[in-house]
Amino acid sequence: MHSHHSHSGDYVAHGVDPLEDVVARAIERKFHTYCLTEHMPRINMKFLYPEEREDTAQQETAIQRLQENFLNFLRHAKTIQDRPNASNTKFIVGIEIEGCDIEHISYGKELISKHSDVIKFCVGSVHHIRDIPIDFDQQGWNQALMACNNNLQTLLLSYFNLQYKMLTVLKPLVVGHFDLYKLYLPPTLKVNLDTGDVSDEPTAISVSEVQLIHLWDSVHQAVIRNLQFIKSYGGLIEINTSALRKKQSEPYPGKDICQLAKVHCGDRFVLSDDAHAVTQVGVCYEQALKYITQTLQLTQMHYLELTTQGDLLIKTLPIEQFKSNEFWGSDRS
Ligand SMILES: [Zn+2]
Ligand SMILES: [Zn+2]
């Protein structure tokens, strides 16, 4: 089995368990490929999370600490990648991009080229809309909506336009949690169908009753543009199960986007757990299997492989082989 995206408590404040424990669990579960992709350091204090800026007088130290953590992560992850293990699990060192804004997208590019001997690929992610984190808590998501003039169409467009900037500058091999904005989208939110304004009018529709990306042509076109661009440079889209462990009904991306991806990007999917803890290694993969084979009816999955020469290959797995993998039905404790 594979995961192309993971974290640990050693090198990011919101992680839980030590990297060695996460790695030991991936070996125990006999993963074929397990990618270690810690977040790149953020370089602007406005993007620090509360737990990172306990002492506001020491903000520059906090930025410095993120830098040091990341370098320590690279060193540690490289030793794991190079070290034999009992299950012959292949660990691959990557980086999760923080597409906060243009400054961070450019900085991500610099980092990757500076450490190209260690960083084999990047997971391209956007976690912010108008400088506000959208996957941290409900309050943040609400603030992001307010910053978009309380208009859902504007919020979605802001997200997909920033994602497009990130895609065009970085061409990430794996595109992370494509529709992250849905995590804190209140299912009871009602919007004006024409404008996207949040509304209580009787004609307003509830977002839980519609396929969001088909509501407004501007959003629909932005998604298609992004998918076509991913296809143009050979990128892959992760099916990320962290949405399922956070009690969403679907992984990232949801069915509506996956169907568009099949048309405009091809079956270019990989699987990721986005684990931050030992218990999250391979979490909700059975649900993902059902999603992949029954809901999306994909005919193939992809995964990354590192050659002994250190080159990264994209491998294709016909869906029958994916379904018959020994991982299914193995230890689920
Ligand atoms: Zn992420
Ligand atoms: Zn992540």
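Residues numbered from 1 in each chain as written. Chains lettered and ligands numbered in written order. Predicted model: local features only at pLDDT ≥ 70, side-chain atom pairs only at ≥ 80, totals over all residues. Heavy atoms only, no water.

Residue-level account of the overall build of the protein chain, with values.
Along the protein chain, the regular secondary structure elements total 10 helices and 13 strands. The C-alpha radius of gyration of the protein chain comes to 19 Å, within 12% of the 20 Å expected for a compact globule of 333 residues. Across its three principal directions, the C-alpha atoms of the protein chain cover 60 × 55 × 40 Å. Relative to its full complement of 333 residues, the protein chain shows a buried share of 56%. Taking the intrachain contacts of the protein chain between residues at least 6 apart in sequence as the baseline, contacts between residues at least 24 apart amount to 73%. Just so you have it, the protein chain exposes about 14100 Å², and 49% of that area is on carbon and sulfur atoms. (Helix = DSSP H or I, 4+ residues; strand = E, 2+ residues; numbered from the N terminus. Rg over C-alpha atoms; globule rule 2.2 N^0.38 Å. Buried < 20%, exposed > 50% of the residue type's maximum accessible area, 1.4 Å probe, protein only. Contact = heavy atoms within 4.5 Å. Areas by Shrake-Rupley, 256 points an atom, 1.4 Å probe, with all protein chains shown as cover.)

Report on the coordination of the zinc ion (ligand 2), specifying residues and quantitative values.
Taken together, His5 (NE2), His7 (NE2), Glu96 (OE) and Asp274 (OD) make up the protein donors of the zinc ion (ligand 2), found 2.0 to 2.5 Å from the metal. Every donor counted, the 4 donor atoms about the zinc ion (ligand 2) form angles of 78 to 161° at the centre, which fits irregular coordination. Sequence positions of the donors to the zinc ion (ligand 2) reduce to the motif H-x1-H-x88-E-x177-D. If you look at the zinc ion (ligand 2) and the zinc ion (ligand 1), they sit 3.3 Å from each other and are both ligated by Glu96. The pair formed by His5 and His7 is uniform in burial state, with each residue classed as buried. (Donors = N, O, S within 2.8 Å, 3.2 Å for Na, K, Ca; no water. Tetrahedral: all angles 85-135°; square planar, octahedral: opposite > 155°, others 65-115°.)

Tell me about helix H6 (residues 217–233), and please be specific about residues and values.
If you check H6, its first and last C-alpha atoms are 25 Å apart, about what 17 residues at 1.5 Å a residue would give, namely 24 Å. Buried positions along H6 lie against helix H5 (152–170), strand E7 (174–175), strand E10 (236–240) and helix H8 (255–264). A positive phi of about 85° marks Gly234, the residue just after H6. (Expected span 1.5 Å × (residues − 1).)

So what's going on with the side chain of His127? Which residues, and what values?
With respect to the helices and strands, His127 occurs in the loop between strand E4 (121–125) and strand E5 (128–129). The exposure class of His127 is buried, given its relative accessible area of 3%. Of note is the side chain of His127, whose polar atom sits 3.0 Å from the side chain of Glu98. Within the local environment of His127, its side chain forms a polar contact with the side chain of His177, the two groups lying 3.2 Å apart. Beyond its immediate sequence surroundings of up to four residues, His127 is in contact with His39, Tyr49, Glu96, Ile97, Glu98, Ile132, Pro133, Ile134, Asp135, His177 and Leu180. (Polar contact = N/O pair within 3.5 Å; in protein donor to acceptor, adjacent residues only side chain to side chain.)

Quick rundown of unusual backbone geometry? Include the residues and the values.
Each neighbour pair has its own omega, and for Tyr252 with Pro253 the value is -15°, a cis peptide bond. Here Pro253 lies in the loop between helix H7 (242–245) and H8. For Lys30, which is not a glycine, the phi torsion comes out positive at approximately 60°. Here Lys30 is to be found in the loop between helix H1 (19–28) and strand E2 (33–39). Positive phi outside glycine occurs at Lys247, with the angle close to 70°. Secondary-structure assignment places Lys247 in the loop between H7 and H8.

Give a detailed account of the sheet that holds E2, specifying residues and quantitative values.
One open sheet accounts for 7 strands, arranged E1-E2-E3-E4-E7-E10-E11; its pairing is parallel. Strands at the two margins of the open sheet, each flanked by one partner only, are strand E1 (2–3) and strand E11 (269–272). As paired strands, E10 and E11 are joined by 4 bridges and run parallel to one another. Looking across to E11, one finds that Asn240 is bridged to Ser272. Taken strand by strand, helix H9 (residues 285–295) contacts E1, E10 and E11, and its axis lies near 165° from that of E11. (Pairing = 2+ DSSP bridges. Axes fitted to C-alpha atoms, helices over the stretch in contact; angles between N-to-C directions.)

Outline the environment of Leu156, supporting the account with residue identities and numerical values.
Take Leu156: it is sitting in helix H5. Given a relative accessible area of 0%, Leu156 falls into the buried group. For the pair formed by Leu156 and Asn88, sequence separation is 68 residues and the distance between their alpha carbons is 42 Å. Once residues lying within four places of it in the same chain are set aside, the contact partners of Leu156 are Tyr181, Leu212, Trp216 and Val219.

I'd like to hear about the pattern of salt bridges, residue by residue, with values.
All chains considered together, the criterion is met by 9 salt bridges. Among the salt bridges present, the one from Arg83 reaches Glu20, with a minimum N-O distance of 2.9 Å. On the criterion of sequence distance, the pair formed by Arg83 in the loop between helix H2 (59–82) and strand E3 (90–98) and Glu20 in helix H1 is long-range, its members being 63 residues apart. With relative accessibility at 36%, the residue Arg83 sits in the partly exposed group. Arg42 is paired through a salt bridge with Glu98; the nearest N and O atoms lie 3.5 Å apart. Of the two residues, Arg42 is situated in the loop between E2 and H2 and Glu98 in strand E3; the sequence distance between them amounts to 56 residues. For the pair shown, Arg42 and Glu98 are each scored as buried. Through salt bridges with shared partners, a single ionic network connects Arg42, Glu52 and Glu98. (Salt bridge = Lys/Arg side-chain N within 4 Å of Asp/Glu carboxyl O.)

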